[in-house]
Amino acid sequence: MEELALNFKKYIIIPQGAVVVLVPFVLWHLFRGNRILPLAVIQILAGVLLGPSVFGALDPDGFKALFGKELTGGVQGLALVAVTLFGFIAGTDADREQIAHAGRSVVAISLGGMAFTAAIGAVAGYFVARGYPCASPEQLSCATGRNPSLVLFAAAFALAVAIPALPILVILTRELGLMRARVGQVALASAGVGDVVSWASIALILPFAKGTGIGEALAVAVGGAGLNYLFLRHGATRYFEHLLAVGAAERVILSVIGITIFLSGTITAVAGLHPVIGAFMAGIFLPERIREFAAAKLDQPTQLVLMPFFFLNTGLNTSFDFADPVVWTLFGVGFLACAVGRVAGTMLAARAVGETWAFGLAAGSLLQTKGLMAIVVMTIFAKEQVVSQTTFSAAVVMALASTALTMPLVRLIMARFGDAVHGSGRRPAAAQTA
């Protein structure tokens, strides 16, 4: 028996992998959860269920045997690989041409809605941090991390509630039959613009979390991103063009894509930024044929096999007392800011550029979905100790609720307003001039 136990621990990542892929599959496929929620939401939920707040509370011995702290090193490593690849895929999802030629409506809806939501989130985050500061690093029921800056916490909170979730929005828009509808196209283009702005903002904020001054922080962010851009545009891109010109085998191209993703992540990580930022840049700046090829080859393996390890790692770090009022206060404030704030901000921005209220309501309901992006953002800031474990846990629940809300809310809007959502969304000329 002792030898069996030693073998189990020696190869623990394999049974962990079996469990972490099996649980969301059972919930999504066998229990027909796909009729209610998208896979990403089921995967996030599975990660939380496998964490200490549920599995750990129901079966402490079983949880310790499978996910004890000394057994999760492999999970953490695979989680970092998964989220780095996810960052790359998020970059490939962004339509560069659509972003470059974004019309007035897209820019206004994207930046106006984000700015409105971020402003609400920043103010709310500032007062939440003042109301629930951490008296010590060991204190669990608090908002801020060991890095006690209220401004940094407010900025992180604002980004978490304002960032769009382009990868999952693509899936939701397809499920809702809005890929060809103007509201779906505007929402996707707005999310693409928002993704770029959000990751640029994270790159600027991260150096401040390390205690550097404004000048040094800007130099680090711009220097790291600039070096990675040069690598991608003048190194990787030229080599990919050569590979395409000589008709290189797909496996060669895919190998070079993997090398490029991890080298980009290394450059931004060494510069003090997160590897995800480098990977996202790679997804944006590589040649279009390479982006499409990489997305087709990497999307499903990453989503179905690797991302469950990220969600498991998220669940293992999601630990809170369900009776803790701080968790639900943070969740409530964040959810109101990301859902109500984003919908209201998008409606106002859409109305300002001549769209109907119904069009703005539908677009805002799509753009409020947080998917994985809020969790990725909070993972980054939790690692830098800008936010506490309690805030991170509340953000996971917020992302679940926001994403789960999207499809039923948009379907309700579509049933109520019909052509105003599926059509052009423009107000009649007489109404616009009135």
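Residues numbered from 1 in each chain as written. Predicted model: local features only at pLDDT ≥ 70, side-chain atom pairs only at ≥ 80, totals over all residues. Heavy atoms only, no water.

Points about the overall build of the protein chain
Each helix and strand in the protein chain was counted, giving 21 helices and 0 strands. Once local pairs closer than 6 in sequence are excluded, the contacts in the protein chain between residues at least 24 apart make up 81%. When the accessible surface of the protein chain is split by element, carbon and sulfur atoms take 66% of a total near 18800 Å². (Helix = DSSP H or I, 4+ residues; strand = E, 2+ residues; numbered from the N terminus. Contact = heavy atoms within 4.5 Å. Areas by Shrake-Rupley, 256 points an atom, 1.4 Å probe, with all protein chains shown as cover.)

Things to note about the environment of Trp-199
Positionally, Trp-199 belongs in helix H11 (residues 182-209). According to the relative accessible area criterion, Trp-199 is buried, its value standing at 3%. For Trp-199 and Val-276, which are 77 residues apart along the polypeptide, the C-alpha to C-alpha distance reads 9.1 Å. Discounting chain neighbours no more than four positions away, the residues touching Trp-199 are Val-276, Ile-277, Phe-280, Met-373, Val-376 and Ile-380. (Buried < 20%, exposed > 50% of the residue type's maximum accessible area, 1.4 Å probe, protein only.)

Notes on helix H5 (residues 60-67)
Here H5 has its buried residues at Phe-63, Leu-66 and Phe-67. Buried residues in H5, looked at end-on, bunch into an arc of 75°, giving them a common side. Exposed residues pointing more than 90 degrees away from the buried face of H5 are listed as Asp-61 and Lys-64. Of the surrounding elements, those touching the buried residues of H5 are helix H1 (2-10), helix H2 (13-30), helix H4 (55-58) and helix H15 (288-316). (Arc of directions from axis to C-beta.)

Details of the layout of surface pockets
Within this model, the second largest pocket holds a volume of roughly 680 Å³. Pro-167, Ile-171, Arg-174, Asp-299 and Gln-303 are, among the 26 residues lining the second largest pocket, the residues nearest its centre. Of all the elements in the fold, those that place two or more residues in the lining of the second largest pocket are helix H3 (39-49), helix H6 (73-93), helix H10 (166-175), H15 and helix H19 (389-417). (1 Å grid on protein atoms, 1.4 Å probe; cavity = no way out; pocket = protein on both sides within 12 Å on 5 of 7 lines; lining within 4 Å. Points joined across faces, edges and corners; volume = space filled by probe spheres on them.)

Considerations on the side chain of Thr-84
Among the structural elements, Thr-84 can be located in helix H6. Apart from the residues lying within four places of it in its own chain, the contact partners of Thr-84 are Ile-261, Phe-262, Pro-275, Val-276 and Ala-279.

Focus: a nonpolar patch on the surface
On the surface, Leu-22, Phe-25, Leu-30 and Phe-31 cluster together to form a nonpolar patch covering roughly 440 Å² of accessible area. Structurally, Leu-30 is set in helix H2. A relative accessible area of 52% means that Leu-30 is categorised as exposed. (Patch = residues over 30% accessible without salt bridge, like charges linked within 9 Å, V, L, I, M, F, W, Y side chains within 5 Å. Salt bridge = Lys/Arg side-chain N within 4 Å of Asp/Glu carboxyl O.)

Things to note about the environment of Ser-198
Mapping Ser-198 onto the fold places it in helix H11. Given the relative accessible area of 0%, Ser-198 is considered buried. Residues Ser-198 and Met-114, spaced 84 residues apart in sequence, show a C-alpha to C-alpha distance of 9.2 Å. Setting aside chain neighbours within four positions, we find Ser-198 in contact with Met-114, Leu-159, Ile-163 and Pro-164.

Thoughts on the pattern of salt bridges
Summed over all chains, the structure comprises 3 salt bridges. Here Lys-297 and Glu-250 are joined by a salt bridge, their closest N and O atoms 3.4 Å apart. A residue pair is termed long-range when its members are at least 10 positions apart, and Lys-297 in helix H15 and Glu-250 in helix H13 (residues 250-270) qualify at 47 residues. Assessed through its relative accessible area of 48%, Glu-250 is described here as partly exposed.

With respect to the confidence of the model for the protein chain
With 89% of its residues at a pLDDT of 70 or more, the protein chain has an overall mean of 83. Least confident of the elements in the protein chain is helix H21 (residues 429-433), whose mean pLDDT is 38; most confident is H13, at 94. This stretch, residues 427-434, has a pLDDT under 50; its non-local contacts, to residues over four places away or in other chains, come to 7 contacts. (pLDDT = per-residue confidence, 0-100.)

Some words on empty space enclosed by the protein
Counting across every chain of the model gives 2 cavities of 30 Å³ or more. Volume-wise, the largest cavity comes out at about 60 Å³. In this structure, the largest cavity is lined by Phe-157, Ala-160, Leu-330, Phe-331, Gly-334, Met-378, Thr-391, Ala-394, Ala-395 and Met-398. At the level of secondary structure, the elements contributing two or more residues to the lining of the largest cavity comprise helix H9 (150-162), helix H16 (325-352) and H19. If one sorts the elements of the lining of the largest cavity by residue count, H19 sits on top with 4 residues. Looking at the lining of the largest cavity residue by residue, the classes come out as 8 nonpolar, 2 polar and no charged. (Nonpolar A, V, L, I, M, F, W, Y, C, P; charged D, E, K, R; others polar.)

Structural notes on the packing of aromatic side chains
In this description, a pair of aromatic rings is defined by centroid distance and the angle of the planes. Considering all chains together, one arrives at 10 aromatic pairs under this definition. Taken together, a centroid distance of 6.3 Å and an interplanar angle of 85° make the contact between Phe-55 and Phe-67 edge-to-face. Taken together, the positions of Phe-55 in helix H4 and Phe-67 in helix H5 put the pair 12 residues apart, joining distant regions of the chain. Both rings, one in Phe-153 and one in Phe-157, keep their centres 5.9 Å apart while their planes meet at 20°; by these two values the pair is stacked. Separated by 4 residues within a single helix, Phe-153 and Phe-157 lie in helix H9, roughly one turn from each other. For Phe-153, a relative accessible area of 0% corresponds to the buried category. Ring pairs connect the aromatic residues Phe-55, Phe-63 and Phe-67, which therefore count as one cluster. One cation-aromatic arrangement involves Arg-416 over Phe-417; the distance from NZ or CZ to the ring centre is 4.9 Å. (Phe/Tyr/Trp six-rings, centres within 6.5 Å; stacked < 30°, edge-to-face > 60°. Lys NZ or Arg CZ within 6 Å of the ring centre and 35° of its normal.)

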